[in-house]
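# Inside the fold
As a plain string of letters, each chain reads:
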Amino acid sequence: MVDTAAWNRGPVLRGERVLLEPLDERHIPGLLAAATDPATWTWLFARLDTEAALRAWLADALRDRDAGTEIPFATLDARTGRVVGSTRYLAAGPDRKST
């Protein structure tokens, strides 16, 4: 059984170079700044380089977090605290089959 309360809190993961912290609205300005580099979008299907697009994407990420299917993180430079991107951990969750 999945502990959904623990799942939704998300841990802070700290390394020498990278800090992952639970994603939320305060990360939007940093994500928008990181999105201005065209190289960011080389291998991705959808561009999230406007505030409106990022806010819609964040709403989806938080909805999936609340459903217990993902843990979204902001990726920060551990030395400077600057937001450099995001990542998610995915799981099958209690009502989904893993493949």
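Each value, and the rule that gives it
Residues numbered from 1 in each chain as written. Predicted model: local features only at pLDDT ≥ 70, side-chain atom pairs only at ≥ 80, totals over all residues. Heavy atoms only, no water. pLDDT = per-residue confidence, 0-100. Helix = DSSP H or I, 4+ residues; strand = E, 2+ residues; numbered from the N terminus. Pairing = 2+ DSSP bridges. Phe/Tyr/Trp six-rings, centres within 6.5 Å; stacked < 30°, edge-to-face > 60°.

## A few points about the confidence of the model for the protein
Reading fine detail from the predicted coordinates is not recommended where pLDDT is low. Looking at the protein as a whole, the pLDDT averages 85, with 83% of positions reaching at least 70. The least confident element of the protein is helix α1 (residues 4-9), whose mean pLDDT is 60; the most confident is strand β2 (residues 18-22), at 96.

## Describing the sheet that holds strand β3 (residues 70-77)
The four strands are arranged β1-β2-β3-β4 in an open sheet whose pairing can be described as antiparallel. Where the open sheet ends on each side, the last strands, each with one partner, are β1 (13-14) and β4 (83-90). Of the strand pairs in this sheet, β3 and β4 are connected by seven bridges, and their pairing is antiparallel. Looking across to β4, one finds that Leu76 is bridged to Val83.

## Some details on the packing of aromatic side chains
Within this structure, the stated rule accounts for one aromatic pair. For the pair Phe73 and Tyr89, a centre-to-centre distance of 5.6 Å together with 90 degrees between the ring planes defines the contact as edge-to-face. On the criterion of sequence distance, the pair formed by Phe73 in strand β3 and Tyr89 in strand β4 is long-range, its members being 16 residues apart.

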